[in-house]
Amino acid sequence: PTRALAVVLATKVFDFRYKKTSYLDADEQPAVFTGIVGFDRRDPFLKNVGRLQTPSLNEISLFGYLILSVQALQAEIDDLKARLN
């Protein structure tokens, strides 16, 4: 959980729009999404694998890291509450 929290805290979050789409928000303006670049290969031929792979938070690990981070934070909160009582 500690490593997961470090990874989540280091992850850059972006506001972005998709190009060449018709996504609109409730006000019929171009929709703005908030998210991460989950896995940026920078390699259209998929040769960036193994030891050459760009380190990033991939879409498979994302939810596991988020869950572990929340669990770690809750454990710290519970521990602090126990110390105060």
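These numbers come from a predicted model, not from an experiment.

What counts as what
- Note that residues are indexed from 1 along each chain, following the sequence as it is written.
- Note on the predicted model: pLDDT of at least 70 is required for a residue's local features to be given, and 80 or more for side-chain atom pairs to be given and counted; whole-chain, interface and lining totals, by contrast, use all residues.
- To get the side-chain values, all heavy atoms of the structure are used, and hydrogens and water are removed first.
- Elements are defined by DSSP. Helices are runs of H or I of four residues or more, strands are runs of E of two residues or more, and each kind is numbered from the N terminus.
- Type-normalised accessible area, obtained with a 1.4 Å probe on protein chains alone, sets the label of each residue: buried when under 20%, exposed when over 50%, and partly exposed for intermediate values.
- Should any heavy atoms of two residues lie within 4.5 Å, those residues are counted as being in contact.
- Throughout, the Shrake-Rupley method with a 1.4 Å probe supplies accessible areas, and for residues the shown protein chains are the sole cover considered.
- Any pair of Phe, Tyr and Trp rings, taking the six-membered ring for Trp, is counted once the centres come within 6.5 Å. Such a pair is stacked with planes under 30 degrees apart, edge-to-face with planes over 60 apart, and tilted for the rest.
- By definition, a salt bridge exists where a carboxyl oxygen of Asp or Glu is found within 4 Å of a side-chain nitrogen of Lys or Arg.

1. Looking at the overall build of the protein
Then, number 1: Looking only at helices and strands, one finds 2 helices and 2 strands in the protein.
Then, number 2: What you see in the protein, going N to C, is helices and strands ordered as α-β-β-α.
Then, number 3: Considering the protein as a whole, with its 85 residues, one finds that 15% of them fall into the buried category.
Then, number 4: Considering only contacts in the protein between residues 6 or more positions apart, those separated by 24 or more positions represent 27%.
Then, number 5: Carbon and sulfur atoms make up 59% of the accessible area of the protein, which amounts to about 7,500 Å² in all.

2. Structural notes on the packing of aromatic side chains
Then, number 1: Scanning the model with the defined rule gives 2 aromatic pairs in all.
Then, number 2: Between Y23 and F33 the ring centres are 5.7 Å apart and the planes differ by 80°, which places this aromatic pair in the edge-to-face class. Taken together, the residues Y23 in the loop between β1 (14-16) and β2 (33-35) and F33 in strand β2 connect sequence positions 10 residues apart.
Then, number 3: Each residue in the set F16, Y23 and F33 is aromatic and connected to the rest through ring pairs, giving one cluster.

3. Quick word on the environment of P30
Then, number 1: Structurally, P30 can be placed in the loop between β1 and β2.
Then, number 2: With a relative accessible area of 42%, P30 lands in the partly exposed category.
Then, number 3: Along the sequence, P30 and K19 sit 11 residues apart, while their C-alpha atoms lie 9.9 Å from each other.
Then, number 4: Leave out the neighbours within four places in its chain, and P30 touches R17, Y23, L24 and D25.

4. Brief notes about unusual backbone geometry
Then, number 1: Look at E28: it is not a glycine, yet its phi comes out positive at around 60°.
Then, number 2: Mapped onto the secondary structure, E28 falls in the loop between β1 and β2.

5. Brief notes about the pattern of salt bridges
Then, number 1: Evaluated as defined, the whole model comprises 1 salt bridge.
Then, number 2: When the shortest N-O distance is used, the salt bridge between D79 and R83 registers 2.9 Å. On the criterion of helical spacing, the pair formed by D79 and R83 is a turn pair, its members being 4 residues apart in helix α2 (residues 62-84).
Then, number 3: For D79, a relative accessible area of 37% corresponds to the partly exposed category.

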